[in-house]
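For reference, the chains in residue letters:
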Amino acid sequence: MKPKSEWAIARNTILSAYRDFFYWLYIGQFPAKEIWNQFRQVINDGWLTIFWGSVVQGIFVMWLGGFYGDQFGGYRWLGTITVFGVLREFSVLMSSVLFAARVGTAFTVEIGSMQMSEQISALKIMDIEPTTYLVIPRVLASTIALPVFVGFSFGVAIISSWILSDVFWDISFQQFFLNAFNYIGGDIIANSLTRSFIIGFVVSLNAVGLGFYPCDGAQELGRTTTKSMVINIFSLLLIDLIIGMASTQISMGAPS
Amino acid sequence: MIVVEDIWVKFGSKEVLKGLNLEIPEGKTTVILGRSGIGKSVLLKCILGLLQPISGRIFIDDKEFLSASKAQKKELTACIGMLLQNGALFDSMNVEDNIAFPLAYHKRATPTEIKKKVYEYAELVGIRDSLHLMPKDLSGGMRRKVALARAIMLHPRYLFYDEPTTGLDPTSSAIVEILIRQLKEQLNITTLVVTHDIELVKFLGEDVALLEDGKILYKEAKTQAFKEESPIFQSFIASRERIQREQGFSNR
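Counting of residues starts from 1 at the beginning of each chain's written sequence and follows it residue by residue. Chains and ligands are labelled sequentially in the order written, the chains with letters from A and the ligands with numbers from 1. This being a predicted model, a pLDDT of at least 70 is required before a residue's local features are given, and a value of 80 or more before pairs of side-chain atoms are given or counted; all residues contribute to the totals for chains, interfaces and linings. Each side-chain value is derived from all of the structure's non-hydrogen atoms; neither hydrogens nor water enter the calculation.

Quick look at the layout of surface pockets
Turning to step 1, where the next piece is worked out: In this analysis the probe radius is 1.4 Å and the grid spacing 1 Å, with only protein atoms considered; a cavity is a set of points the probe fits into but cannot get out of, a pocket is an open set with protein on both sides within 12 Å along at least five of seven lines, and lining residues have an atom within 4 Å of a point. Grid points are joined across faces, edges and corners, and a volume is the space filled by probe spheres set on the points. Estimated volume of the second largest pocket: approximately 1,100 Å³.
Turning to step 2, where the next piece is worked out: Lining the second largest pocket are 37 residues, and of these Glu34, Asn37 and Tyr133 of chain A together with Met93 and Phe101 of chain B sit closest to its centre.
Turning to step 3, where the next piece is worked out: Of all elements in the fold, only α2 (32-72), α3 (78-116), α4 (119-125) and α5 (130-169) of chain A together with α3 (95-106) and α4 (111-125) of chain B reach the threshold of two or more residues within the lining of the second largest pocket.
Turning to step 4, where the next piece is worked out: Helix and strand definitions follow DSSP, with helices as H or I runs of at least four residues and strands as E runs of at least two, each counted in order from the N terminus. Considering each element in turn, the lining of the second largest pocket owes the most residues, 8 residues, to α2 of chain A.
Turning to step 5, where the next piece is worked out: Each residue gets one of three labels, nonpolar for Ala, Val, Leu, Ile, Met, Phe, Trp, Tyr, Cys and Pro, charged for Asp, Glu, Lys and Arg, and polar for the others, Gly among them. Looking at the lining of the second largest pocket residue by residue, the classes come out as 21 nonpolar, 6 polar and 10 charged.

A short note on the sheet that holds strand β4 (residues 55-60) of chain B
Residues and elements named next belong to chain B.
Turning to step 1, where the next piece is worked out: When DSSP finds two or more bridges between two strands, those strands count as paired. Ordered in space as β2-β1-β4-β5, the 4 strands form an open sheet in which the pairing is antiparallel. In the strand order of this sheet, the two ends are held by β2 (14-24) and β5 (63-64), each with one partner.
Turning to step 2, where the next piece is worked out: For β4 and β5, the ladder comprises 2 bridges, and the chain directions are antiparallel. By the bridge assignment for β5, Ile60 is matched with Lys63.

Brief notes about unusual backbone geometry
All names here are of chain B.
Turning to step 1, where the next piece is worked out: With a phi angle near 50°, Asp61 is a residue other than glycine that sits in the positive phi range.
Turning to step 2, where the next piece is worked out: If you trace the backbone, Asp61 turns up in the loop between β4 and β5.
Turning to step 3, where the next piece is worked out: Per-residue accessibility, obtained with a 1.4 Å probe over protein chains only, is compared with the maximum for each type, and a residue is labelled buried under 20%, exposed over 50%, and partly exposed between these values. Judged by its relative accessible area of 27%, Asp61 falls in the partly exposed class.
Turning to step 4, where the next piece is worked out: Phi at Asp62 is positive, roughly 70°, even though this residue is not glycine.
Turning to step 5, where the next piece is worked out: Secondary-structure assignment places Asp62 in the loop between β4 and β5.
Turning to step 6, where the next piece is worked out: On the basis of relative accessible area, Asp62 is assigned to the exposed category, the value being 72%.

Describing the packing of α3 of chain A against α5 of chain A
The angle between the axes and the distance between the axes are what describe a pair of packed helices.
All names here are of chain A.
Turning to step 1, where the next piece is worked out: Inter-axis angles, ranging from 0 to 180 degrees, are taken between N-to-C directions of lines fitted to C-alpha atoms, where helices are fitted over the stretch in contact. As a packed pair, α3 and α5 sit with axes 7 Å apart at the nearest point and diverge in direction by 140°. The two elements α3 and α5 meet at a crossing, and its hand is right-handed.
Turning to step 2, where the next piece is worked out: Residue composition of the contact of α3 with α5, grouped by class: 18 nonpolar, 8 polar and 2 charged. Helix crossings get a hand from a simple test, with the near helix turned counterclockwise from the far one by less than a right angle marking a left-handed crossing and a clockwise turn marking a right-handed one.

Structure (structure tokens):
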């Protein structure tokens, strides 16, 4: 029999994680306490990374808007461009990537090393289902935490971009925000939060699922963690693209 | 009693267990002796349902295990505890939480009762003063003591030990050996030990089985197994001296 490739094993490991997740969510006890503990842990682990990422992102979007606004004399639109860019796309994308890097890889390594040191076997011997104890709390906590991070990122990115636009282009608070929210409806924020909700679920379940990849040693665990990151980046880009395109088509109609 | 009948286990193209048969009688200490990588841990994991054999039957208290439903399997293995190699302690919890974990998770006692029981078992295995420590702060011997205390929290009738003294210095090994025997005698636990440590076999074993080539080749009472004419003695215990002699390094 032809041996399976690493990626085929990774795919099967992730698929069985999805199957087990829904099976045990339906049949097992709901681990409310563990979900709350994991939620606090995820927020604690990720908030600083998201904060600095959002500051950089806000500066970046503002700088592009300001630079080209300067060339085309469009300063009055700077706030609108920045706020729209942040709310519609950049915060979701940047927070998701940082989330996959900071929290997702931590999940893969944590579960992977638990597997290697037989802690998962110890759970099973104690009649504790690893999916209920390890997977469901991490996934549900992340599904809630990523939209929270994205909301946090909205605020940090917009404030940092306004501060910098005041410093570089002398744009006041009123000028910056004057037009900004006239063009941005709740649907854009709802759309971004929905995407982050789905991405949070998929990224965390991929990452935790890959923790169960059969690793024999540190090198293989390292390779699995890399796989987790690669798979998650592609997954989140794909989800962002598909939902982004679908929602744009629904709200604006198909491009002619 | 646990009965293993004609168990076959294969990893890829490698056959690890090839029609293994074994009886683990209640109330006794059975030791399975075998070289490293021969499939001793695999056998324990099959009995616990952590690995699925490709064929064979396992009876736990006269009930067939492998063909049972998930719920029935859980019920059958609930009476079995196991000390894994290196203890497998949860490194995010301190010693006290590690020991309390199985009872606390299953909510089988009140927090006060759990605390009382943790102190009782910690005293029994001699780690009463280390309850606040994290697993990373423990030596190999201490880790196994903690794992032992955790393993008996759910009152198992059978306790499996996977290489309990591997990697320990002689003093720590002796302490762990004594603990295993004490637990067996005080709590009347049927004990199954897999090891390649001859001293452990001498100290603990009542029945000794030799695992070789995927099968239990011989099973004898300990008194018999250590006689020079015993096949177990010849094929495992005397093999070290024979190999040394063959290579010209005999110290006799």
